[in-house]
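# Analysis of the macromolecular model
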Amino acid sequence: MKVVALVSGGKDSCFAMMRCIDYGHEIVALANLMPMDDSVDELDSYMYQTVGHQIIVSYAECMGLPLFRRRIRGTSRDQRLNYAITPGDEVEDLFILLNEVKQQIPSITAVSSGAIASDYQRLRVESVCSRLGLVSLAYLWKQDQTFLLTEMNARIVLDKYDVVLHSADSIAPVGIIHPLAFHPEYKNENSSRSSSNDNVVSNGLHKVHEVEGDFVLPDIVKCQSSDLPSDAEKKLELCISNMGGELFSLGCWIQNPSRTSKGLQDDLASVLRRIELQLSENGFDWSNVLYVHLYISNMEGFALANEVYVKFITEKKCHLGVPSRSTIELPLLEVGLGSGYVEVLVAKEQSKRVLHVQSISSWAPSCIGPYSQATLFKEVLYMAGQLGLDPPTMMLSPGGATAELEQALINCEAVANCFNSFISSSTILFVIYCSSCLTSTERVEIQHKMAHYIQQEASNVHQTRRMPNPIFLYILAPDLPKGASVEIKPVLYVPENAEDEVQIRESRPASKISKQLNDSALQVYAISGKICTVLVSVTNDFVKKSCSETDVKSGNWHRSERNLQTMATFCVVFLNKILSENDFSWGDLINLRFYYTTNLFGSADTLDKIFTEAFAELSLVNNCIKIGETPRYNLVPVLGSGRSASMDDIITCELFASKL
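Residues numbered from 1 in each chain as written. Predicted model: local features only at pLDDT ≥ 70, side-chain atom pairs only at ≥ 80, totals over all residues. Heavy atoms only, no water.

An unreviewed UniProt entry annotates the protein as Diphthine--ammonia ligase of Ananas comosus. We quote the UniProt Catalytic activity (unreviewed entry) comment for the protein here in full: "diphthine-[translation elongation factor 2] + NH4(+) + ATP = diphthamide-[translation elongation factor 2] + AMP + diphosphate + H(+)". (UniProt positions renumbered as here; feature names shortened; annotations may be inferred.)

The next thing to look at is the overall build of the protein. The number of helices and strands found in the protein is 15 helices and 28 strands. For the protein, the proportion of its 660 residues judged to be buried stands at 54%. Partitioning the contacts of the protein with sequence separation of at least 6, the portion at a separation of at least 24 is 77%. Accessible surface for the protein amounts to roughly 28,600 Å². Of this, 49% is attributable to carbon and sulfur atoms. (Helix = DSSP H or I, 4+ residues; strand = E, 2+ residues; numbered from the N terminus. Buried < 20%, exposed > 50% of the residue type's maximum accessible area, 1.4 Å probe, protein only. Contact = heavy atoms within 4.5 Å. Areas by Shrake-Rupley, 256 points an atom, 1.4 Å probe, with all protein chains shown as cover.)

One open sheet accounts for five strands, arranged 9-10-13-11-12; its pairing is mixed. Strands at the two margins of the open sheet, each flanked by one partner only, are strand 9 (236-240) and strand 12 (324-329). Sheet twist, expressed as the mean angle between neighbouring strand axes with direction ignored, is 15°. As defined by bridge partners, strand 11 (residues 289-296) adjoins strand 13 (residues 340-347) across seven bridges and the pair is classed as antiparallel. The partner of leucine 294 across the bridge, within strand 13, is valine 342. Lying over the sheet, helix 7 (residues 264-281) contacts strand 9, strand 10 (247-254), strand 11 and strand 13, oriented at roughly 145° with respect to strand 10. Relative to strand 12, helix 8 (residues 302-312) is tilted by about 145°, and along the sheet it contacts strand 11 and strand 12. (Pairing = 2+ DSSP bridges. Axes fitted to C-alpha atoms, helices over the stretch in contact; angles between N-to-C directions.)

This part covers the nonpolar core. Residues Leu30, Trp586, Phe594, Phe611 and Ile651 are the most contacted members of the largest nonpolar core, which totals 101 residues. Element by element, the count of residues in this core is highest for helix 14 (residues 561-581), at ten residues. In contact with phenylalanine 611, not counting residues within four places along its chain, are Ala568, Cys571, Val572, Phe594, Tyr633, Leu635 and Ile651. Judged by nonpolar contacts, the second largest core, of 39 residues, contains Ala115, Ile432, Tyr453 and Met647. (Core = buried A, V, L, I, M, F, W, Y, C linked by side-chain atoms within 4.5 Å.)

Overall, the coordinates contain zero disulfides when judged by the stated rule. Cysteine 14 takes part in no disulfide bond, and the closest cysteine sulfur, belonging to cysteine 62, lies 8.7 Å away. (Disulfide = S-S within 2.5 Å.)

Before going further, it helps to examine helix 15 (residues 604-621). Helix length check: helix 15, at 18 residues, gives a terminal C-alpha distance of 26 Å against a target of 26 Å (1.5 Å per residue), a fit within 8%. For helix 15, every residue scored as buried is listed here: Ala604, Leu607, Ile610, Phe611, Ala614, Phe615, Leu618 and Ser619. Along its buried surface, helix 15 packs onto helix 14, strand 25 (589-597), strand 26 (634-638) and strand 28 (651-658). (Expected span 1.5 Å × (residues − 1).)

Enumeration over the complete set of coordinates arrives at 20 salt bridges. Put simply, aspartate 78 and arginine 80 hold a salt bridge, and the shortest N to O gap is 3.0 Å. Note on aspartate 78: relative accessible area 5%, which makes it buried. Ionic pairing is found between lysine 317 and glutamate 276, a salt bridge with its closest N-O pair at 3.5 Å. Here the residue lysine 317 occupies a position in the loop between helix 8 and strand 12, and glutamate 276 occupies one in helix 7, the gap between them amounting to 41 residues. Residues participating in the shared-partner salt-bridge network are Arg73, Glu212 and Asp214. (Salt bridge = Lys/Arg side-chain N within 4 Å of Asp/Glu carboxyl O.)

Structurally, serine 658 is set in strand 28. Its relative accessible area of 11% is what places serine 658 among the buried residues. Only 3.1 Å separates the side chain of serine 658 from the backbone nitrogen of leucine 660, close enough to count as a polar contact. When sequence neighbours within four positions are dropped, the list of residues in contact with serine 658 reads Lys530, Ile531, Phe584, Asp588 and Ile590. (Polar contact = N/O pair within 3.5 Å; in protein donor to acceptor, adjacent residues only side chain to side chain.)

So this is what it looks like as structure tokens:
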């Protein structure tokens, strides 16, 4: 990409340019914001460093590049972490400056900055870049500062300077070096480069451009419902989990028995509009949404899906931060569910903490768009699906599926560390989405790599408490974003007080019905009085035990409604028992998914009817469920699912309950 580099006169912005060049980008211009008064060294600014602004002209001279400068007229008016367009704010000076650069050099597509640790600065640079359609490059973000210092060499020599007392504090006085005379000192190994720069400089390409102009309130074009396809003649199904607690989930899809579609954009717009309407009817909006599961029928339409998505979910609508998201392709049309299927996790209380880094860096993959890396709410961290992307290049890691998996886990660890946690010791649930392009051997290698990585990392982390083993759920999907082989979606438990004692509940069901289930087919992660996550695998062994020998041998057991009723009843009763044993109830339910393989069950309608009847029967014999108040669930069609990478379950039940 062609890059304009923000330079302040400090070492970090200069070194960030070097990193840009290392990753194949081209610096074509410099941009700088400076005080109104040349004699002023440091402004009382939340956003900008101005000490050393006098030497910026030498940057342009050394590099033979045009320099765009603007004097800072605004002040720090909007001091909240997440910036909103504010007339008279100093951030608008940056917008005016970069807008002029873009006008003068239309080929520029990215902006480099030296941000290392300040979310305040990073978010404002990202905000301006987003408004201008530019990519933010912050290759020093979250890097170890001691390491960075050892990496920097080269220099501009100060020939003459004054030391100006900035703060006469009796304990910690602060002084500023005010440069008076200086010159660049070229490296011997770069002597040929400097001579070639002389020609560039003599041609005047390092010309300094003074950028004037005032703030103009932008015209904001809001998406109207008329801009999107109509919902006429569509049967939309909406699933809402229990709304009695702080959290609830919404699932929406198009009931389409004809198994045809007018297109992904059309279907997805209808689904998102229906969810938006339901949120509004209950006094909520998109700012209450913590997480979005986006299921689409064809990954080739991913870009089109995003076009629709950003018309509903935007940073302006989500003042605390946009929700995290995972996206996979599923065989939706094959089971009559339209082209778009969306699940959202909603919090009644707006107290979420969102991590949304849009800058490309060496830290973790950027999220350029209306979804975030992770969202923390009530001690549970919901992490966006992570691909095996190399952060600075945003390309899939070479080396095959296991290399992608390892990089995805490293990316997850980087995100978890921002919340003072580790995926090896804090993860409740790992969902591992595997692409159908993988061979059976590659799937097994992924499972082994996953287990080895977690075990190895756990040994490196000092744990102050004993934590349960995480639950592993493998899902076989037709395709993943960017053609990836694997995508990881972790859910972590992050206690507010790391010193609090965590009471772990060991679930050991001993009822007669549990004898139909192998021990390996049940996974439970429960923390007393807080969370309970359950994974139940209905396997071929269960089929052999519960269905007639004739049906099993014929291979048509799944065509018998009686057999399906037995399976559904088992799932519902068993899940009820696990909840009860861990002192949870259906009123604590946040989400319940039944993953089913499309090669066995051709229609979602049939399964929906059978599970609804199973819950109704449970309510008649057990007062744990009120009659007529069936717990809501989502039926998710997949190519395969299970607790291992073989993904050969008949049905996999995933339940999450919370008292937080």
